[in-house]
Structure formats: structure tokens, C-alpha cells
Amino acid sequence: MIDLYTWTTPNGRKVSIMLEEAGLAYNVFPVSLPERKQFEPAFTALNPNQRIPVLVDHDLPDGPLAIIESGAILIHLAEKTGKFLPHDVRGRSEVMQWLMFQMGGIGPMMGQAGYFANTAEEKIPFAIQRYINESVRLIGVLNTRLAERGYLGGEYSIADMATYPWVAAGWNIFKTMMPEQVGKLGHVQRWLDAVAARPAVQRGMAVPAVPGS
């Protein structure tokens, strides 16, 4: 059995998407960020960094394994199931490159854009524009990639699962603020539509089930 400690964020939902795509049974433990549940001792014992998601895999012969960091969780699940991560060197490398592109670029930049635009008490125009500009630039890199590939790694993979929740969360905001730039990102729009149409993605994006989320 697998336990998933998560909340309604892109990092949390990339893991629930993978669990749904792989057809794995799992228990969901919501960790309410507004209620600061991530700072409680029980959760801190699982992840000293006090961030979601955390996955606990109880199926290993030598006992449960707690895994932090969403990218590491996706790789673990891909290797556990043999799905959504190619076995050949070139295919695996391509998927890993675009997974790391999300982890090191798309996630941090879009996260900062969302924080300064929506969460920060003081609205700093330079910071807001700085992170939005960089987010759109990185999405432009995705667009270039998707002009020649159906999905980021060629075939649908954990790279798409990692990236989709982030881009989907910011897409309408960017379209409103930067319509000309976003209007040129047709390959990303096609990719967003294709990923969003997958039933497992729809189920994963609804985890955890929180009223009003």
C-alpha cells in the first residue's frame, strides 16, 4: 500500500496524477497548508523540510520507505511500476532532462510569480513582472520543444505529469496579462488540452478532495 501526504498544489497533484496513471492503490492524507499542518511534529518526522508531498511506500520487503521531493517520488513510482519512464538510455535521458527542467525552472519561477502576484501582502510590481516574464520565457522553451514532439519526452511520461499542473495553474493568468506572448504558444496549448483530456489526469487533479478547491 502507498500513503500520499499532499495538498491542492501543483507539486502535490503531479504525484496523484502519476498514481492514477499507474493504477496504484493509495491512501490520501490531506496536509492543510492554510492550517499549517505541514509544521506539525508528525509530518515533520516524515519530511524535515516541512513541504508536501511525501509518499510512504509500504510495499518494500525491508519496511516502509518515506520519500520527499516530488521529482524523486515520480522517479520512484516510474521505476516501481516500469511505466512512464523509458528503459533505453536516450529515452530515459530525455524524460529526465525535462523533468529536471520543471523541477529547477518551471516550478520555482511560477511559484514565485504566484506568490508575489497573489499571496504577498506587499505587491511589488518589479518582482511580479520579473517572475511572470521568466515563467513565460520558460513556457516558450516548452513551446519550442513541443513543436517537434507530442509530449516533452517524446511519449507521455513523468515529465508531462510534473509540468502540467504548474502550467495549467498559471495559463489563464498569463493569457490575461500577456496575451500577445501567450498567443504565440500554440504548441503548449495543444499539449495542455491533450494532457487535460486524460481521465487519470482529471482524477489526479482532484486529489485531495477539499471543498472549494
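Keep in mind the model is a prediction, meaning the values are calculated, not measured.

What follows concerns the packing of aromatic side chains. Taken as a whole and judged by the stated rule, the model has eight aromatic pairs. When the centroid spacing of 6.4 Å and the interplanar angle of 55 degrees are considered together, the rings of Tyr5 and Phe43 count as tilted. Separated by 38 residues along the polypeptide, Tyr5 in strand E1 (residues 2-6) and Phe43 in helix H2 (residues 41-46) bring together distant segments of the chain. Here Tyr5 matches Phe43 in class, with each residue buried. Relative to Phe116, the ring of Tyr115 has its centre 5.3 Å away and its plane inclined at 85 degrees; by these criteria the two rings are edge-to-face. For Phe116, a relative accessible area of 17% puts it in the buried group. An aromatic cluster of three or more residues is present, and its members are Tyr5, Phe29 and Phe43. Looking at Arg130, its charged tip hangs above the ring of Tyr131, at a distance of 5.5 Å from the centre. Cation over ring: Arg198 sits above Tyr156, and NZ or CZ is 3.7 Å from the ring centre.

For the rest of this paragraph, the subject is the environment of Glu155. As for its position among the elements, Glu155 is in the loop between helix H5 (125-146) and helix H6 (158-177). It is 9.1 Å that separates the C-alpha atoms of Glu155 and Leu85, two residues lying 70 residues apart in sequence.

Once that is clear, we can look at the nonpolar core. Ranked by size, the top nonpolar core spans 56 residues in total, and within it Met18, Ile139, Ile158, Val167, Val188 and Trp191 carry the most contacts. Of all elements in the fold, only E1, helix H1 (10-22), helix H3 (70-81), helix H4 (89-119), H5, H6 and helix H8 (186-196) reach the threshold of two or more residues within this core. Aside from chain neighbours lying at most four places away, what touches Ile139 is Ile106, Met110, Val167, Trp171, Phe174, Leu185 and Val188.

This paragraph deals with the pairing of E1. Burial within E1 is extensive, with five of its five residues counted as buried. Every second residue of E1 is oriented toward a common face, with Ile2, Leu4 and Thr6 on one face and Asp3 and Tyr5 on the other, all of them buried. As defined by bridge partners, E1 adjoins strand E2 (residues 26-30) across five bridges and the pair is classed as parallel. Paired with Leu4 across the two strands is Val28, which belongs to E2. Where E1 meets strand E3 (residues 54-57), four bridges bridge the pair, whose relative direction is antiparallel. Looking across to E3, one finds that Leu4 is bridged to Leu55.

Its twelve residues give H3 an end-to-end C-alpha distance of 17 Å, which sits within 8% of 16 Å, the value for a rise of 1.5 Å per residue. Buried positions along H3 lie against E1, H1, E3, strand E4 (65-68), H4 and H6. With its phi angle positive at about 70 degrees, Gly82 sits one or two positions after the end of H3.

Let us look at the pattern of salt bridges. Inspection of every chain in the model, using the stated rule, returns ten salt bridges. Note that Glu20 is salt-bridged to Arg203, the shortest N-O span being 2.9 Å. Taken together, the positions of Glu20 in helix H1 and Arg203 in helix H9 (residues 199-204) put the pair 183 residues apart, joining distant regions of the chain. Among the salt bridges present, the one from Arg92 reaches Glu79, with a minimum N-O distance of 2.9 Å. Here Arg92 is found in helix H4, whereas its partner Glu79 is found in helix H3, with 13 residues between them in sequence.

To continue, consider unusual backbone geometry. Cis rather than trans, the peptide bond between Ile52 and Pro53 has omega equal to 0 degrees. Among the secondary structure elements, Pro53 is positioned in the loop between H2 and E3. Put simply, Val207 and Pro208 share a cis peptide bond, and its omega is -5 degrees. With respect to the helices, strands and loops of the structure, Pro208 is situated in the segment after H9. Phi at Gln50 takes a positive value of approximately 55 degrees, unusual for a residue other than glycine.

Quick notes on the rules
- Residues numbered from 1 in each chain as written.
- Predicted model: local features only at pLDDT ≥ 70, side-chain atom pairs only at ≥ 80, totals over all residues.
- Heavy atoms only, no water.
- Phe/Tyr/Trp six-rings, centres within 6.5 Å; stacked < 30°, edge-to-face > 60°.
- Helix = DSSP H or I, 4+ residues; strand = E, 2+ residues; numbered from the N terminus.
- Buried < 20%, exposed > 50% of the residue type's maximum accessible area, 1.4 Å probe, protein only.
- Lys NZ or Arg CZ within 6 Å of the ring centre and 35° of its normal.
- Core = buried A, V, L, I, M, F, W, Y, C linked by side-chain atoms within 4.5 Å.
- Contact = heavy atoms within 4.5 Å.
- Pairing = 2+ DSSP bridges.
- Expected span 1.5 Å × (residues − 1).
- Salt bridge = Lys/Arg side-chain N within 4 Å of Asp/Glu carboxyl O.

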